[in-house]
Amino acid sequence: MPEYSGRVQADGDDPATPKGPESGPSFPPGDERSLTLLVNGTPRVVTVSPWVSLLDTLREHLDLTGTKKGCDHGQCGACTVLVNGRRINSCLALTVMHDGSEITTVEGLAADTLHPLQEAFIACDAFQCGYCTPGQLCSAVGLLQEGRAQTRDEIKELMSGNLCRCGAYTNIVDAILKVKGSPA
Ligand code: FES
Ligand code: FES
């Protein structure tokens with residue numbers, strides 16, 4: 001299986017183009033490594049083979065199935081999570097490259113109340129089937145933290161790595177604008 005780098009959409013990468021291979025330590029076949037991820041504020045120790053993606057670690061090892069697998073090839077954004085505050089496609093990130101990283105998944109967005117973006121997605125009817133929604137939410141949180149998107153067109157451009165088969169794009173942008181305090 002090829003190894004791809006964790007792609008950070010915030011850098012303006014073409015969201016449809018996988019990067020790789022990720023440079024890093026080499027491992028003998030069958031080797032596994034124990035490492036610690038700080039997931040949604042909690043240290044989690046996992047033991048994984050070097051080729052296991054962060055997406056599969058979250059879903060299969062940590063039972064955090066809110067993060068969705070769509071294409072598994074860096075083309076849909078369903079797997080978007082925040083790593084050290086930056087949004088990435090977790091299907092393209094090798095878990096072993098993120099020992100000690102802070103990971104935020106959709107399960108970690110809400111505290112005692114929903115995250116403002118979650119509230120806005122509900123208020124703006126920004127989903128239908130909901131499959132893309134965890135990735136849209138994490139990507140939108142990253143987008144707002146980046147502070148680069150000021151207009152509707154800029155939001156559309158910088159959210160273009162997150163596909164929605166239901167076509168809820170207009171309402172997703174409305175929700176992001178609502179949290180930004182900008183007119184829709
Ligand atoms: S599942 Fe990762 S981009 Fe589609
Ligand atoms: S709400 Fe169905 S894919 Fe986006």
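For the structure itself, consult the block above.
Residues numbered from 1 in each chain as written. Chains lettered and ligands numbered in written order. Predicted model: local features only at pLDDT ≥ 70, side-chain atom pairs only at ≥ 80, totals over all residues.

Caption draft 1: Spotlight on the packing of helix H2 (residues 116–123) against helix H3 (residues 133–146). Taken N-terminus to C-terminus, the directions of H2 and H3 make an angle of 125°; their axes are 10 Å apart at the nearest point. Here H3 runs oblique to H2, going by the angle between their axes. In terms of crossing hand, the pair formed by H2 and H3 is right-handed. Residues Leu 117, Gln 118 and Phe 121 of H2 pack against Thr 133, Leu 137, Ala 140 and Val 141 of H3. (Axes fitted to C-alpha atoms, helices over the stretch in contact; angles between N-to-C directions. Helix = DSSP H or I, 4+ residues; strand = E, 2+ residues; numbered from the N terminus. Parallel < 35°, antiparallel > 145°, perpendicular 65-115°, else oblique. Left-handed = near helix turned anticlockwise from the far one by under 90°. Contact = placed C-beta atoms within 7 Å.)

Caption draft 2: Representation of H2 within the structure. The complete set of buried residues in H2 reads Leu 117, Gln 118, Ala 120 and Phe 121. Summarising the axial view, the buried residues of H2 lie within an arc of 160°, below the 170-degree limit, and thus occupy one face. Turned more than 90 degrees off the buried face of H2, the exposed positions are Ile 122 and Ala 123. Where the residues of H2 are buried, they touch H3 and helix H5 (169–180). (Buried ≥ 20, exposed ≤ 12 C-beta atoms within 10 Å, placed from the backbone. Arc of directions from axis to C-beta.)

Caption draft 3: A look at the nonpolar core. Core analysis: the biggest nonpolar cluster contains 44 residues, and Leu 137, Ile 172 and Ala 175 have the highest contact counts within it. Put simply, the parts of the chain that give this core at least two residues each are strand S1 (33–39), helix H1 (54–61), strand S3 (80–83), H2, H3, helix H4 (152–158) and H5. Looking at which domains feed residues into this core, each of domain 1 (9–108) and domain 2 (116–180) gives three or more. (Core = buried A, V, L, I, M, F, W, Y, C linked by C-beta atoms within 7 Å. Domains from an automatic or database assignment.)

Caption draft 4: A look at the pairing of S1. In this sheet, strand S2 (residues 42–48) lies alongside S1 in antiparallel orientation, the contact comprising 7 bridges. By the bridge assignment for S2, Thr 36 is matched with Val 45. In this structure, the hairpin formed by S1 and S2 is closed by a connection of 2 residues, where Asn 40 is found at a positive phi of approximately 50°. Here 2 bridges tie S1 to strand S5 (residues 102–104), and the two strands are oriented parallel to one another. (Pairing = 2+ DSSP bridges.)

Caption draft 5: Examining the environment of Leu 94 more closely. Mapped onto the fold, Leu 94 is located in the loop between strand S4 (86–89) and S5. With 22 C-beta atoms counted inside 10 Å, the residue Leu 94 sits in the buried group.

Caption draft 6: Seen up close, the sheet that holds S4. What the 5 strands build is an open sheet, ordered S2-S1-S5-S3-S4; its pairing is mixed. Strands with a single pairing partner mark the edges of an open sheet, and in this sheet they are S2 and S4. Shown here is a sheet whose adjacent strand axes are inclined to one another by a mean of 40°, direction ignored. This element, H3, spans S3 and S4 of the sheet and lies at about 35° to S3.

Caption draft 7: Layout of the packing of H3 against H5. For the pair H3 and H5, the least separation of the axes is 11 Å and the interaxial angle reads 40°. The pairing of H3 with H5 is recorded here as oblique in orientation. H5 is crossed by H3, and the crossing has right-handed handedness. Side by side, H3 and H5 meet where Gln 136, Ala 140, Leu 143 and Leu 144 of the first sit next to Ile 172, Ile 176, Val 179 and Lys 180 of the second.

Caption draft 8: The arrangement of unusual backbone geometry in detail. You will see that Asp 63, though not glycine, has its phi angle at about 55°, which is positive. With a phi close to 50°, Asn 84 is a non-glycine residue in the positive phi region. By the element assignment, Asn 84 lies in the loop between S3 and S4. With 12 C-beta atoms packed within 10 Å, Asn 84 lands in the exposed category.

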